[in-house]
Amino acid sequence: GAVVSQHPSWVICKSGTSVKIECRSLDFQATTMFWYRQFPKQSLMLMATSNEGSKATYEQGVEKDKFLINHASLTLSTLTVTSAHPEDSSFYICSARDLAGGPYEQFFGPGTRLTVL
Amino acid sequence: ELKVEQNPLFLSMQEGKNYTIYCNYSTTSDRLYWYRQDPGKSLESLFVLLSNGAVKQEGRLMASLDTKARLSTLHITAAVHDLSATYFCAVEGKLTFGTGTRLQVTL
């Protein structure tokens, strides 16, 4: 089955630093990847849609200058949290669609837990 | 704006009992998904429902979709402890997630 990986699985950083999270589709190509954020005991909220070779589309209320997304290839998208602050601490999950498979299913990565001190 | 609501938000049930989780959404959609999430983990896909009247079953879980009522249900039959998790429904190609239902199955 389609596998999506994320790296790192967890990260702790100091306030004001930047953190990069990678999302890779391991055995398929994905023109579109999605980034979600989940706070404790809450649902997932879509942050942005990442398209290979073009600018990401951000959801309302998500600061695009703070959450930089780059989708440089059909198997890799990155999310950089710039100048992170404690309120950015969250569980970040990416997902991807398999081009060759059905258009309806998204495959989720294992998530990255970010803690900003 | 699409809104997706689940109820109940929390469900405690005994092993062997049956129960249904409901997912209501506010705008027309022909695609609905159910996911399971264990604590500290990402999502596991359970069902993809693509048309009105779709019904899918896997083990003790059965999901159905009524697009006219904008309602999906996830029915649990003879619950076992291993089913304890949070269950989310999600709607549309750009997924909008429901509020989640935390299921706790007690012995």
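Okay, so let's go over this structure. Quick caveat, the model's predicted, so the values are computed rather than measured.

What counts and what doesn't
Residues numbered from 1 in each chain as written. Chains lettered and ligands numbered in written order. Predicted model: local features only at pLDDT ≥ 70, side-chain atom pairs only at ≥ 80, totals over all residues. Heavy atoms only, no water. Contact = heavy atoms within 4.5 Å. Buried area = accessible area lost by both parts, 1.4 Å probe. Salt bridge = Lys/Arg side-chain N within 4 Å of Asp/Glu carboxyl O. Polar contact = N/O pair within 3.5 Å; in protein donor to acceptor, adjacent residues only side chain to side chain. Helix = DSSP H or I, 4+ residues; strand = E, 2+ residues; numbered from the N terminus. Nonpolar A, V, L, I, M, F, W, Y, C, P; charged D, E, K, R; others polar. Phe/Tyr/Trp six-rings, centres within 6.5 Å; stacked < 30°, edge-to-face > 60°. Buried < 20%, exposed > 50% of the residue type's maximum accessible area, 1.4 Å probe, protein only. Lys NZ or Arg CZ within 6 Å of the ring centre and 35° of its normal. Core = buried A, V, L, I, M, F, W, Y, C linked by side-chain atoms within 4.5 Å. Pairing = 2+ DSSP bridges. Axes fitted to C-alpha atoms, helices over the stretch in contact; angles between N-to-C directions.

## Details of the interface of chain B and chain A
If you look at the interface, chain B gives 18 residues, while chain A gives 21 residues. In total, about 1400 Å² of surface goes out of reach between chain B and chain A, with carbon and sulfur atoms giving 56% of it. Of all residues in chain B, the largest losses of buried area upon contact with chain A belong to Ser42, Lys94 and Phe97 of chain B, amounting jointly to 31% of the total for that side. Linking chain B with chain A are zero salt bridges, by the criterion used here. If you look at where chain B meets chain A, you find three residue pairs in polar contact (both at pLDDT 80 or more). Contributing elements (two or more residues each) for the side of chain B that touches chain A: strand 4 (32-37) and strand 5 (43-49) of chain B. Considered class by class, the residues forming the side of chain B that touches chain A number eight nonpolar, seven polar and three charged.

## With respect to the packing of aromatic side chains
One pass over the structure, following the stated rule, counts nine aromatic pairs over all chains. Both rings, one in Tyr36 of chain A and one in Phe108 of chain A, keep their centres 5.8 Å apart while their planes meet at 40°; by these two values the pair is tilted. On the criterion of sequence distance, the pair formed by Tyr36 of chain A in strand 4 (residues 32-38) and Phe108 of chain A in strand 10 (residues 106-108) is long-range, its members being 72 residues apart. Residues Tyr36 of chain A and Phe108 of chain A agree in their burial class; the two are buried. Seen in terms of ring centroids, Tyr36 of chain A and Phe97 of chain B are 5.6 Å apart; in terms of plane orientation they differ by 90°. Their pairing is edge-to-face. In this pair, Tyr36 of chain A sits in strand 4 while Phe97 of chain B sits in strand 10 (residues 96-97), so the two residues belong to two different chains. Under the relative-accessibility criterion, Tyr36 of chain A is labelled buried at 0%. Grouped by ring-pair contacts, the aromatic residues Tyr36 and Phe108 of chain A together with Tyr33, Tyr35, Phe88 and Phe97 of chain B constitute a single cluster. Residue placement shows Arg113 of chain A over the ring face of Phe91 of chain A; its charged tip is 4.4 Å from the ring centre.

## Topic: the nonpolar core
In summary, soluble globular proteins display a tendency toward joint burial of nonpolar side chains. Residues Leu32, Trp34, Leu74, Ile76, Tyr87 and Leu103 of chain B are the most contacted members of the largest nonpolar core, which totals 25 residues. Within the residue set of this core, elements represented by two or more residues are strand 2 (10-14), strand 3 (19-25), strand 4, strand 5, strand 7 (61-66), strand 8 (71-76), strand 9 (85-91) and strand 11 (101-106) of chain B. Looking at this core, the element that brings in the most residues is strand 9 of chain B, giving four residues. Beyond its immediate sequence surroundings of up to four residues, Leu74 of chain B is in contact with Tyr19, Thr20, Ile21, Trp34, Phe47, Leu61, Met62, Ala63 and Tyr87 of chain B. Met47, Ile69, Leu79 and Tyr92 of chain A belong to the second-largest nonpolar core, a separate cluster that totals 24 residues.

## Here's the deal with the sheet that holds strand 8 of chain B
All names here are of chain B. Taken in spatial order, the five strands of this open sheet run 1-3-8-7-6, and their pairing is antiparallel. Edge strands, defined here as strands with exactly one partner in the open sheet, are strand 1 (4-7) and strand 6 (55-58). Between one strand axis and the next, the sheet turns through 15° on average, direction left out of account. Examined bridge by bridge, strand 6 and strand 7 share four bridges and lie antiparallel to one another. When the bridges of strand 7 are listed, Val55 appears paired with Ser64.

## What to know about the sheet that holds strand 8 (residues 76-81) of chain A
Residue and element names in this part refer to chain A. The strand order 1-3-8-7 describes an open sheet built from four strands, whose pairing is antiparallel. What marks the edges here is a single partner per strand, and that holds for strand 1 (4-7) and strand 7 (67-73). With direction set aside, neighbouring strand axes in the sheet form an average angle of 15°. As defined by bridge partners, strand 1 adjoins strand 3 (residues 19-25) across four bridges and the pair is classed as antiparallel. Along strand 3, the bridge assignment pairs His7 with Glu22.

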